[in-house]
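Geometric and topological summary
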Amino acid sequence: MNDIPPLPADLSVTVTNALREDVGSGDITAQLITETAMATAQILSRERAVLCGTPWVNEVLRQVDPTLQITWHARDGDTVEPNQRLATLRGSARHLLTAERCALNFLQTLSGTATSSRHYASLVAHTQVRLLDTRKTLPGLRTAQKYAVVIGGCHNHRMGLYDAFLIKENHIHACGSITAAVGRARALHPDKPVEVEVETLAQLREALTTDAQTIMLDNFELNAMREAVMITGGRARLEASGGINLTTLAAIAETGVDYISIGAFTKDCKAVDLSMLFD
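Residues numbered from 1 in each chain as written. Predicted model: local features only at pLDDT ≥ 70, side-chain atom pairs only at ≥ 80, totals over all residues. Heavy atoms only, no water.

The next thing to look at is the environment of Leu19. Here Leu19 is to be found in helix H1 (residues 11-23). On the basis of relative accessible area, Leu19 is assigned to the buried category, the value being 9%. Between the alpha carbons of Leu19 and Ala103 there is a distance of 9.2 Å; along the sequence they are 84 residues apart. (Helix = DSSP H or I, 4+ residues; strand = E, 2+ residues; numbered from the N terminus. Buried < 20%, exposed > 50% of the residue type's maximum accessible area, 1.4 Å probe, protein only.)

Listed below in structure tokens is the structure:
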């Protein structure tokens, strides 16, 4: 299991927005239960998965009712089995039911992201490549899903448009050349990492004359990718991207590229089947 990464700074805000979306002006169905009724509940897994999202569940409970109690029987990064008890919850029956769906939404989605990431990572464990996520995240869950990717054993690319340059085809076209685009990036923000996308070996050679730290090989065939690794000779880091799936992943990793970026971690993840049941 990977070490637990730092929690996103916007975790509390993300939970607040999710509760506002779900609870709105109040949970009218929960009002069927008397205010004094207390309950104990269990969160159970229904399939094998990598658990992720426990801090979001904790925050949901805290915001709904700070007196709600939860005891976790597994932690983020653990592989859990079908019908395994993940957590025990105690407190107001009304408030447990109000918190249920929002809490499970976070836990199911982030566990799905972590499970997918773990599977991809296992396929390239025999190489030195690092698998990167992308900005293809679910709206409002950028930082949460990137946390889940790390829990699953993969790595984060840039967080957004503000923390690193990724100069792609349209940027190059608008600037006039790779050289011009990289030069302008360095002039604007000399402290920010610069990555440039190339589609041919000729573009790779031009990119290598700049001081871009990373070069993205966009939809390169395997032979071209191997040649790109030889041409580069360690002068820049190489990232493979485009058309990568479970079938092609290992062969791409074996070409010697440094990184492979995969949007499927976050945009194609399948939520894990979990449930909360009252005792």
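All right, on to the sheet that holds strand S5 (residues 85-92) then. With antiparallel pairing, the four strands of this open sheet are ordered in space as S3-S5-S1-S12. Two strands in the sheet have a free side with no partner beyond their single neighbour: strand S3 (69-72) and strand S12 (274-278). Neighbour-to-neighbour, the strand axes of the sheet open up by a mean angle of 20 degrees, direction not taken into account. In terms of strand pairing, S3 meets S5 through four bridges, oriented antiparallel. If you follow Gln69 over to S5, its bridge partner there is Arg90. Along the sheet, helix H2 (residues 54-64) contacts S3 and S5; its crossing angle with S3, the most-contacted strand, is approximately 165 degrees. Of the strands in this sheet, strand S1 (38-45), S3, S5 and S12 are in contact with helix H3 (residues 93-123), which crosses S12 at around 165 degrees. (Pairing = 2+ DSSP bridges. Axes fitted to C-alpha atoms, helices over the stretch in contact; angles between N-to-C directions. Contact = heavy atoms within 4.5 Å.)

Contact geometry for H1 and H2: axes closest at 10 Å, N-to-C directions at 60 degrees. The angle between H1 and H2 places the two elements in the oblique class. The two elements H1 and H2 meet at a crossing, and its hand is right-handed. Note on element contacts: H2 touches H1 through Pro55, Trp56, Glu59, Val60, Arg62, Gln63 and Val64, opposite Leu11, Ser12, Val15, Thr16 and Leu19. For the contact of H1 with H2, the class distribution of residues is seven nonpolar, three polar and two charged. (Parallel < 35°, antiparallel > 145°, perpendicular 65-115°, else oblique. Left-handed = near helix turned anticlockwise from the far one by under 90°. Nonpolar A, V, L, I, M, F, W, Y, C, P; charged D, E, K, R; others polar.)

Right, let's talk about the packing of aromatic side chains for a bit. Applying the stated criterion to the full structure yields two aromatic pairs. Seen from their ring centres, Trp56 and Tyr147 are 5.0 Å apart, and the 65 degrees between their planes marks the pair as edge-to-face. One end of the pair, Trp56, is in helix H2; the other, Tyr147, is in helix H4 (residues 142-151), and 91 residues separate them in sequence. Tyr147 shares its class with Trp56; the two are buried. Look at Tyr120 and Phe265: their rings are 5.3 Å apart centre to centre, the planes differ by 85 degrees, and that puts the pair in the edge-to-face class. Separated by 145 residues along the polypeptide, Tyr120 in helix H3 and Phe265 in helix H10 (residues 264-267) bring together distant segments of the chain. Residue class for Phe265 comes out buried when judged on its relative accessible area of 0%. (Phe/Tyr/Trp six-rings, centres within 6.5 Å; stacked < 30°, edge-to-face > 60°.)

Pairing is parallel across the open sheet formed by six strands, whose spatial order is S6-S11-S10-S9-S8-S7. The open sheet terminates on both sides in strands that have one partner only, identified here as strand S6 (130-132) and strand S7 (165-167). Each strand of the sheet is rotated relative to its neighbour by a mean of 25 degrees, with strand direction disregarded. Two strands pair when backbone bridges link them, and strand S8 (residues 194-198) and strand S9 (residues 214-218) are joined in this way by four bridges, in the parallel orientation. Note that in S9 the partner of Glu197 across the bridge is Met216. Sitting on the sheet, helix H6 (residues 178-188) is in contact with S7 and S8, with an inclination near 165 degrees to S8.

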